[in-house]
Amino acid sequence: MTVDSFKFLPRIIATFYKMNEREPQYPIPWTPLKQPLHAMKFALVTSGGLYCKGTQDPFDIEREKNNPTWGDPSYRVIPVDIQQQDLAVSHLHLNTSDIEVDFNILLPIQRIQEFAQQGRIGAVADEHYALMGYQGFPPDSHTWESEYGPKIARAMLNEGVHAVLLTPA
């Protein structure tokens, strides 16, 4: 089966990525499941720029407006008991109106809690993570790879997370 990674991108962006070949890094990380889903603890990670109103700073879109080749590489911790009125979106590259009505579109915390209640998965982590997926043009993921990614991974391991559901924006 052929996978079209560019199927839902605007044609101009898909063309840019197709013209700028990037060799994949090997080995491609893959970890087979060591236990059944009903015994695993899950965390969520989104690239949609979510943050907790009043307690966290939004992602730095003002700097990005002034320097469009830069993207905020930081992350925000989203607690499992977050409520819609306590969450906001800071992202210049997506329409946030539906997310502002129901954040589960982007970070399905309430849906994954339902899976845990139904016994489909073992448990849900207390903390989830939000990034802003846009990392400049051309993209620069160095800070994610060297600093923030390892911090997030350590925090999840310390919480006993077995699996992560990535929800890209």
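Refer to the structure above for everything that follows.
Parameters at a glance
Residues take numbers from 1 onward in each chain, read along the sequence in its written order. Side-chain atom pairs in this predicted model are given and counted only at pLDDT of 80 or more, local residue features only at pLDDT of at least 70, and totals for whole chains, interfaces and linings cover all residues. Excluded from the side-chain calculations are hydrogens and water; all other atoms, namely the structure's heavy atoms, are used. Comment: elements are numbered from the N terminus, with helices defined as DSSP H or I runs of at least four residues and strands as E runs of at least two. In this description, contact between two residues means that some pair of their heavy atoms is separated by no more than 4.5 Å. Expected helix span is computed as 1.5 Å times (number of residues minus one). Note that the bend at a residue is defined as the angle between axes fitted to the seven residues ending at it and the seven residues starting at it. Three labels apply to residues, based on accessible area from a 1.4 Å probe with only protein chains included: buried if under 20% of the type maximum, exposed if over 50%, partly exposed otherwise in between. Among buried residues, those of type Ala, Val, Leu, Ile, Met, Phe, Trp, Tyr and Cys that are joined through side-chain atoms within 4.5 Å constitute a nonpolar core. Criterion for a salt bridge: a side-chain nitrogen of Lys or Arg within 4 Å of a carboxyl oxygen of Asp or Glu. The aromatic pairing rule takes the rings of Phe, Tyr and Trp, using the six-membered ring of Trp, and pairs them if the centres are within 6.5 Å, calling planes under 30 degrees apart stacked, those over 60 edge-to-face and the rest tilted. We count a charge as sitting over a ring when the NZ of a lysine or the CZ of an arginine lies within 6 Å of the ring centre and within 35 degrees of the ring normal.

Note on placement: Q135 falls in the loop between β6 (127-131) and α5 (142-158). Dropping the residues within four chain positions of it, Q135 is found in contact with G71, D72, P73, D140 and W144.

By secondary structure assignment, the location of I109 is in helix α4 (residues 109-117). Taking the C-alpha atoms as reference, I109 lies 18 Å from S97; in sequence the two are 12 residues apart.

Taking 1.5 Å per residue, 17 residues should reach 24 Å; α5 reaches 24 Å between its end C-alpha atoms and fits that length. Along α5, the largest kink reaches about 45° and is centred on Y148; proline P150 follows within four residues of it. Residues of α5 that are buried include every one of Y148, I152 and M156, and no others. Those residues of α5 hidden inside the fold are in contact with β1 (41-46), β3 (75-79), β6 and β7 (163-167). Count one or two residues on from α5 and you reach G160, which has phi positive near 85°.

Quick look at the nonpolar core now. Counting 20 residues, the largest nonpolar core has L50, I78, I82, L87 and I109 as its most contacted members. For this core, the secondary structure elements donating two or more residues are β1, β2 (50-52), β4 (87-89) and α4. Beyond its immediate stretch of four places on either side in the chain, L50 contacts F59, R76, I78, L87, A88, V89, I99, L106, L107 and A130. Core analysis: the second largest hydrophobic core is formed by eight residues, A125, L131, I152 and V161 among them.

Along the chain, the position of T143 falls in helix α5. Expressed as a C-alpha distance, the spacing of T143 and G122, which sit 21 residues apart in the sequence, is 32 Å. Excluding residues within four positions of it along the chain, T143 makes contact with P73 and Y148.

The subject of this paragraph is the pattern of salt bridges. A side chain with one charge can pair with a side chain of the opposite charge if their charged atoms come near. Under the definition given, this model contains four salt bridges. Across the pair K41 and E159 runs a salt bridge, and its minimum N-O distance is 3.9 Å. Here the residue K41 occupies a position in strand β1, and E159 occupies one in the loop between α5 and β7, the gap between them amounting to 118 residues. E159 carries the same exposure label as K41, and that label is buried. Of the charged contacts in the structure, one is a salt bridge between K65 and E62, with a shortest N-O distance of 3.3 Å. Here the residue K65 and the residue E62 both occupy positions in helix α2 (residues 61-66), the gap between them amounting to three residues, near one helical turn. Judged by relative accessible area, K65 falls into the partly exposed class, the value being 48%.

Time to look at the packing of aromatic side chains. All told, the structure shown has two aromatic pairs when counted by the stated rule. Residues Y75 and Y148 carry aromatic rings whose centres are separated by 5.5 Å and whose planes lie at 70° to one another, so their mutual orientation is edge-to-face. On the criterion of sequence distance, the pair formed by Y75 in strand β3 and Y148 in helix α5 is long-range, its members being 73 residues apart. Ring-pair connections join several aromatic residues into one group, and the members of that group are Y75, Y129 and Y148. Lying across the ring of W70, R63 places its NZ or CZ 4.0 Å from the centre. Above the ring of F59, the side-chain terminus of R76 is found at 4.0 Å from the ring centroid.

Functional significance is not addressed by these values, which are geometric in nature.
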